[in-house]
Amino acid sequence: MARNGERKGAAGAGDSSRCRVLLPLPFDGPLDYAVPAGLGAAPGDFVEVPLGPRRLAGVVWDGDGDASLPPSRLKPIARLLDLPPMGATARRFIDWIAAYTMSPPGQVLRLFVTAANNDPPRDLLVYRATGNPPERLTAGRRRVLEAAAAGPLGAADLARQAAVGVGVVRALAEAGGLEATLLPPPGWPAPDPGFCPPLLSEAQAAAADRLRGLVAARRFQGVLLDGVTGSGKTEVYSEAIAEALRQGRQALVLLPEIALTAGLIGRFAARFGVPPALWHSDLAGRERRQVWRAVARGEVPLVVGARSALFLPFSDLGLVVVDEEHDPAFKQDEGVAYHGRDMAVVRASLEAIPVILASATPSLESLANVEAGRYLSLHLPERHGGAVPAAVELVDLRETPPERGSFLSPPVRAALAETLARGEQSLLFLNRRGYAPLTLCRRCGHRMECPNCTAWLVEHRYSRRLVCHHCGHGLAIPDRCPECAAEDSLVACGPGVERIADEVASVLPQARRLVMASDTLAGPQALAAAFEQISDRAVDIVIGTQVVAKGHHFPFLTLVGVVDADLGLAGGDLRAAERTFQMLTQVAGRAGRAERPGRALLQSWDPRQPVIQAIAAGNRDGFVATEAAARRRHGLPPYGRLVALVLSGPDPAEVM
């Protein structure tokens, strides 16, 4: 109703014969167009307009057109598009981001309209069993018919369930075993806020009551939900989501990585009776268009997504949750450079709703906002259900070094064997994909580098390729050195997760292993299948990167081994110590989350480093105080600002 009132007021203001239209292009601002008689375009309407020889979709923007432009120079709007209008808050949000990030407004608009499509959702082509199977019935065709018997499915879904090609499904339809039919796109089932409320501890219940009150108050408030790993933060903020749903409003949960969606979908489905709508880069185009339209029309009450979900056209947003708010994956560096956590706070402020920032290891920025009184802090100091934090032990690699050619120290190898003998699970953590980070020639010393960015090429032995993890350049592993042409002279230096997996196979050949990294598990379905294997205890030892470091609950995982605790401290990142503390605290928290006690072993070449000592002692407050004091002393964020000046040009001498 508010949007209708806004449209009536805007249509009668200023010069109704012209308007400004913002296009999703890197222009400095909206362009002026003539409004044909009777069209009635208002701010927020999606319209199609001519631009040179093309016709583009844009949004009618606020403000009057340039009166100095004669009407004869204005091209008319071609037509209104059948899309829900963009609300005033979303338009203000776009203008705010453009000003803050110094980006063209049209480039920001592109984030919001990437899945907008004027075509109405099409009916789905599905197949159902006819009950008349053909005489020639192969094993694959039989599996297709069994899958179709459960209900109508699309060709791709049937083929996937039956482990056959799509051609088998279509051939079976031609043979009369399947019948093709069109069905309208499925609607979005409504989550039930009272479906299965959790049993909360006293501390959880107090935090949940406070959050419910903030949602009911319908005003902006930043909240840091600060709880140790396993304290039940998800259950607590789910009660705030339930309150938003009771009010008939929408809720958004942002996650730093797609890997975390699999577990959260199941937990939300158990809490609210139905799974949430998803939004991330791996969604098919048709699914993205469906979700975009449904969100704009208020048909989707709950969305879980990556940082780009922040730019969905919510019609009545009542709550934003940023889970793992400290995670650097919320930062976008390409195109419009923004931090998803910070932009979530801005959107919540413009919408006049609360925003919950949840983390077991909050960022120094959020802790500084609590200290300054800008955020409310809710603390969950204990693990839920009586589970105790994992005991953290430091392994000094100078005193107990690995065997020659190996990377796991004797204490870690022994702990792996003991855990396997008890029938429990282990996790080996190394935040480095591939087999080895460096490949060099043993004859001439040549290092295999990326021709685009001079970074070392990482060997991926499973795919037999060398890959640049900065720009994506890759090539097959050569048989000879490209510098001196020596054959079989290239050697892998240093470990990646694939190399650690090979070492585990040689030490504990009976152990069932699973390598988990972003390049070995393609997409959310593969990640969900991997997590299901771990939960079903079909895996003994997981060797993984940061995709397994946070947000997952595996009751039988009792040992965590960190292969290189010093890895994140290299380089000049001002947040290196903070991120190392966050990452290793999170990964240690994967152990002992149920009734079985957990143990975490951190291998380090210098365990005397303050950040390593703080992790071992569980002294977060001491680490934060020391880190904050150092940042304040040097005027570094969050107590100061840094500016990057990038100079570029075709002539190196002139640039210098």
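Anything mentioned here points back to the structure above.
Residues numbered from 1 in each chain as written. Predicted model: local features only at pLDDT ≥ 70, side-chain atom pairs only at ≥ 80, totals over all residues. Heavy atoms only, no water.

### Focus on the overall build of the protein
When helices and strands are tallied, the protein shows 19 helices and 27 strands. Its C-alpha atoms give the protein a radius of gyration of 28 Å, near enough to 26 Å, the size a compact globule of 656 residues would have. Projected onto the principal axes, the alpha-carbon positions of the protein cover approximately 85 × 80 × 65 Å. Here the contacts in the protein between residues at least 6 apart in sequence split such that 75% fall between residues at least 24 apart. As displayed, the protein offers around 30,400 Å² of accessible surface, 52% of which is attributable to carbon and sulfur atoms. Positive and negative side-chain charges of the protein, numbering 71 and 70 respectively, have mean locations separated by a distance of 2 Å. (Helix = DSSP H or I, 4+ residues; strand = E, 2+ residues; numbered from the N terminus. Rg over C-alpha atoms; globule rule 2.2 N^0.38 Å. Contact = heavy atoms within 4.5 Å. Areas by Shrake-Rupley, 256 points an atom, 1.4 Å probe, with all protein chains shown as cover. Lys, Arg positive; Asp, Glu negative; His and termini not counted. Charge placed at Lys NZ, Arg CZ, Asp CG, Glu CD.)

### Re the sheet that holds strand 16 (residues 375-380)
On the basis of which strands lie adjacent, the open sheet formed by seven strands has the order 10-11-9-12-15-8-16 and parallel pairing. Strands at the two margins of the open sheet, each flanked by one partner only, are strand 10 (277-279) and strand 16. Ignoring strand direction, the axes of neighbouring strands in this sheet form an average angle of 20°. Where strand 10 lies against strand 11 (residues 302-305), three bridges are found, and the strand directions are parallel. Bridging from a neighbouring strand, W279 pairs with G305 of strand 11. (Pairing = 2+ DSSP bridges. Axes fitted to C-alpha atoms, helices over the stretch in contact; angles between N-to-C directions.)

### Brief notes about the packing of aromatic side chains
Scanning all chains against the criterion turns up 10 aromatic pairs. Here W96 and Y100 contribute two aromatic rings whose centre-to-centre distance is 4.8 Å and whose plane-to-plane angle is 20°, an arrangement assigned as stacked. Taken together, the residues W96 and Y100, both in helix 2 (residues 88-101) and four residues apart, mark about one turn of the helix. According to the relative accessible area criterion, W96 is partly exposed, its value standing at 34%. The exposure class assigned to Y100 is partly exposed, which follows from its relative accessible area of 48%. Ring geometry for F268 versus F272: centroids 6.0 Å apart, planes at 50°, classification tilted. Residue F268 and its partner F272 are located together in helix 9 (residues 261-272), separated by four residues, close to a single helical turn. The class for F268 is buried, based on a relative accessible area of 0%. An aromatic cluster is defined as three or more aromatic residues linked by ring pairs; in this entry it consists of F93, F112, F311 and Y338. A cation over a ring is seen here: R288 above W279, with NZ or CZ 4.4 Å from the ring centre. In this structure, R461 packs its charged tip against the face of Y435, placed 3.7 Å from the ring centre. (Phe/Tyr/Trp six-rings, centres within 6.5 Å; stacked < 30°, edge-to-face > 60°. Buried < 20%, exposed > 50% of the residue type's maximum accessible area, 1.4 Å probe, protein only. Lys NZ or Arg CZ within 6 Å of the ring centre and 35° of its normal.)

### Remarks on the sheet that holds strand 27 (residues 599-604)
Taken together, six strands build an open sheet; the order of strands is 17-27-26-18-25-24 and the sheet is parallel. Edge strands, defined here as strands with exactly one partner in the open sheet, are strand 17 (391-396) and strand 24 (513-516). Looking at each pair of strands side by side, their axes are set apart by 20° on average, direction ignored. Here six bridges tie strand 17 to strand 27, and the two strands are oriented parallel to one another. Within strand 27, the residue paired with D396 across the bridge is S604.

### Notes on the pattern of salt bridges
Per the counting criterion, the structure on display carries 31 salt bridges. Salt-bridge contacts for D209 lead to R212; the nearest nitrogen and oxygen are separated by 2.3 Å. Of this pair, D209 and R212 both sit in helix 7 (residues 202-217), three residues apart, which is roughly one turn of that helix. Exposure remark for D209: the relative accessible area of 45% places this residue in the partly exposed category. When salt bridges that share partners are traced, they join D209, R212, E239 and R271 into one network. (Salt bridge = Lys/Arg side-chain N within 4 Å of Asp/Glu carboxyl O.)

### Describing the nonpolar core
Counting residues in each nonpolar core, the largest one holds 86 residues, and the members touching the most others are M86, F112, L252, W279, V303 and M516. Aside from chain neighbours lying at most four places away, what touches M516 is L521, L527, A530, F531, I534, V542, I543, G544, T545, V547 and V548. Within the second largest apolar cluster, 30 residues are counted, among which are V223, L255, F268 and I356. (Core = buried A, V, L, I, M, F, W, Y, C linked by side-chain atoms within 4.5 Å.)

### Here's the deal with the environment of E257
If you trace the backbone, E257 turns up in the loop between strand 9 (250-254) and helix 9. Accessibility expressed as a relative area gives 14% for E257, which makes it buried. Here the alpha-carbon distance between E257 and G305, two residues 48 residues apart in the chain, equals 8.5 Å. Not counting chain neighbours up to four residues away, the residues in contact with E257 comprise D327, A329, Q546, V547 and K550.

### Topic: the environment of L428
With respect to the helices and strands, the residue L428 is situated in strand 18 (residues 425-429). Judged by its relative accessible area of 1%, L428 is buried. Through-space distance from the C-alpha of L428 to that of V562 is 5.9 Å; in sequence the pair is 134 residues apart. When sequence neighbours within four positions are dropped, the list of residues in contact with L428 reads L408, V412, L416, I500, V504, I541, V542, I543, G544 and G561.

### Structural notes on helix 16 (residues 576-588)
A rise of 1.5 Å per residue sets the reference length of helix 16, with its 13 residues, at 18 Å; its end C-alpha atoms lie 18 Å apart and thus fit the reference within 8%. Listing the buried residues of helix 16 in full gives A576, E578, T580, F581, Q582, L584, Q586, V587 and A588. (Expected span 1.5 Å × (residues − 1).)

### A short note on the pairing of strand 26 (residues 557-562)
Consecutive residues of a regular strand have side chains that alternate between opposite faces of the sheet. Of all six residues in strand 26, six are buried; the element is thus mostly enclosed. In terms of strand pairing, strand 18 meets strand 26 through five bridges, oriented parallel. Of the residues in strand 26, the one forming a bridge with Q425 is L557. Pairing analysis gives four bridges linking strand 26 to strand 27, with the strands arranged parallel. The residue bridging V560 from the neighbouring strand is A600, located in strand 27. With helix 16 bridging strand 26 and its parallel neighbour strand 27, the resulting β-α-β unit is right-handed. (Right-handed = clockwise from strand over helix to strand, strands pointing away.)

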